Amino acid sequence: MSMIDPGSFRDPGGRVIRQGSRILRTVYEPGRAAFEAARDAGVHQAAIDAKFLLPMIEVDSDALRDLEPQSAHVLEHPVLPFVSYPYEWTFTQLKTAAIHHLDFQLFLLERGFTLSDATAYNVQFIGTKPVFIDHLSIIPYVEGGLWAGHRQFCMQFLNPLVLWAKRGIAPHAWFRGNLEGIAPEDLSPLLPLTSKFSFTVAAHIVAQGRVQRRAVDTARHATKKPSLGKNALIGMIQGLRSYIGRLTLKGGATVWSDYANKNSYGTAEREGKQAFVAEMVATVKPGQLFDIGCNSGDYSQLALDSGAAGVIGFDFDFGALEQAYARFDRANAPVLPLWLDAANPSPDQGWAGSERMSFGRRANADAVLALAVIHHLAIGRNVPLDMAVDWLMSLAPTGVIEFPSKSDPMVQTLLATREDIFPGYTEEAFLAAVAARGAILRQDHLGDAG
């Protein structure tokens, strides 16, 4: 069965097709010349070899051409472990993706090509490593042409990073609310005056915001298209790369980032919990495991050590996620840490409510870990216990869910500033909710904290 990916409809040059377990890309006539030029010049293969571009092979698919008779070429790509979106990335991931995009632009310009756009959705992560996925965005460079994706790059890479670094505001709610990103004219009034002394901020945010406000009048009176020489374009890209490379987050501990070192477990209880998780993973040997509430990644690492082929870790705490990303990036491990508000996961959205898929529609795990999570949903966010259990168990066919009792110090922290209105938060109710959806194969108590 073939199905057009709902996120690929905007490109007249081709479509992404899901055919069973295969990912195929059609090249239509409008995209044929650019594709063939890059292919014949060896640009695609060079970019693949340099780890910029997702691998591809050309295939002869008569069945697909029956469905898509306008296809001039059909490509096949490896299946990504998990499709993520910019509003689910950490600061370092967004920064890494931005630099990857800019470096790829420079790589292409050296070879007489460029990118037709600069959407952040064309970058995905395999483990902690970014890769560009849209082969049809590669087009021949025309001397004097402006950077077509400049405003888009600013809205989806530069501006969210500047908001985060200069104001300490994570852009996820804004980015998720506007899939186009953050417009310069919206960001500029929010920035401190001192940050506007930067040439990059002045040129790419402040000035671009002013230009956009005058865009209608400028277009009405414009008589000649502006041009930009290749060396000037390279200089612009290198300047942005240098500025973004220097951006850092302001310091400061976050709520749960040191949870691994400050929790209620003694040594014996911690070892028992680790053995319990390791046994499940060793038995199931999941190709992909979801670690919900992964924190800095201790149990993601344990899952890898116990036989999981790859892990997608999710957490609400950016400090913990930054630690996890740095840890697994250094190790070049197949772990992708992502931001998740489990009480408000990413929804279906974009054109016709399907352009960007919800977290649930992308969930494809073989096993799930939900350790020290359920109290955050049931008590921290007032989600009924049975509904929290149902959601966690819907993510994979097997896994481990930890139930911290009300005597757990972390649960007491959640209850410290509010009335206890959760009489149904009991071990008996938890076990009943699990048994109503599936089979309980094993259960252990880890002292008072279990």
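Residues numbered from 1 in each chain as written. Predicted model: local features only at pLDDT ≥ 70, side-chain atom pairs only at ≥ 80, totals over all residues. Heavy atoms only, no water.

Trainee: Tell me what's going on with the sheet that holds strand 11 (residues 311-315), and back it up with residues and numbers.
Mentor: A sheet is described by the order of its strands in space; here five strands give the open sequence 12-11-10-13-14, paired in parallel fashion. In the strand order of this sheet, the two ends are held by strand 12 (335-339) and strand 14 (399-401), each with one partner. Taken over all neighbouring pairs, the strand axes of this sheet differ in orientation by 15° on average, direction set aside. For strand 10 (residues 289-292) and strand 11, the ladder comprises four bridges, and the chain directions are parallel. When the sheet's bridge partners are listed, Phe-290 is paired in strand 11 with Ile-312. (Pairing = 2+ DSSP bridges. Helix = DSSP H or I, 4+ residues; strand = E, 2+ residues; numbered from the N terminus. Axes fitted to C-alpha atoms, helices over the stretch in contact; angles between N-to-C directions.)

Trainee: How would you sum up the packing of helix 4 (residues 91-109) against helix 5 (residues 150-167)? Please name residues and give values.
Mentor: Packing of helix 4 against helix 5 brings their axes to within 10 Å, and their N-to-C directions diverge by 140°. Seen along the crossing, helix 4 lies across helix 5 with a hand that is left-handed. Residues Phe-91, Leu-94, Lys-95, Ala-97, Ala-98, His-101 and Leu-102 of helix 4 form the contact with helix 5, whose own contacting residues are Phe-153, Gln-156, Phe-157, Pro-160, Leu-161, Trp-164 and Ala-165. For the contact of helix 4 with helix 5, the residue count by class is 11 nonpolar, two polar and one charged. (Left-handed = near helix turned anticlockwise from the far one by under 90°. Contact = heavy atoms within 4.5 Å. Nonpolar A, V, L, I, M, F, W, Y, C, P; charged D, E, K, R; others polar.)

Trainee: Help me get a handle on the layout of surface pockets, residues and values and all.
Mentor: Roughly 1200 Å³ of volume is contained in the largest pocket. In terms of lining residues, the largest pocket is bounded by 50 residues, among which Asp-5, Gly-7, Tyr-121, Ile-133 and Arg-356 are the most central. With four residues, the single largest contributor to the lining of the largest pocket is strand 2 (residues 14-19). Here the residues of the lining of the largest pocket are counted per class, giving 21 nonpolar, 16 polar and 13 charged. Residue lining of the second largest pocket: 33 residues in total, with Phe-276, Gly-399, Val-400, Ile-401 and Arg-442 positioned closest to the centre. Looking at the lining of the second largest pocket, the element that brings in the most residues is helix 11 (residues 267-284), giving seven residues. Split into classes, the residues belonging to the lining of the second largest pocket amount to 19 nonpolar, eight polar and six charged. (1 Å grid on protein atoms, 1.4 Å probe; cavity = no way out; pocket = protein on both sides within 12 Å on 5 of 7 lines; lining within 4 Å. Points joined across faces, edges and corners; volume = space filled by probe spheres on them.)

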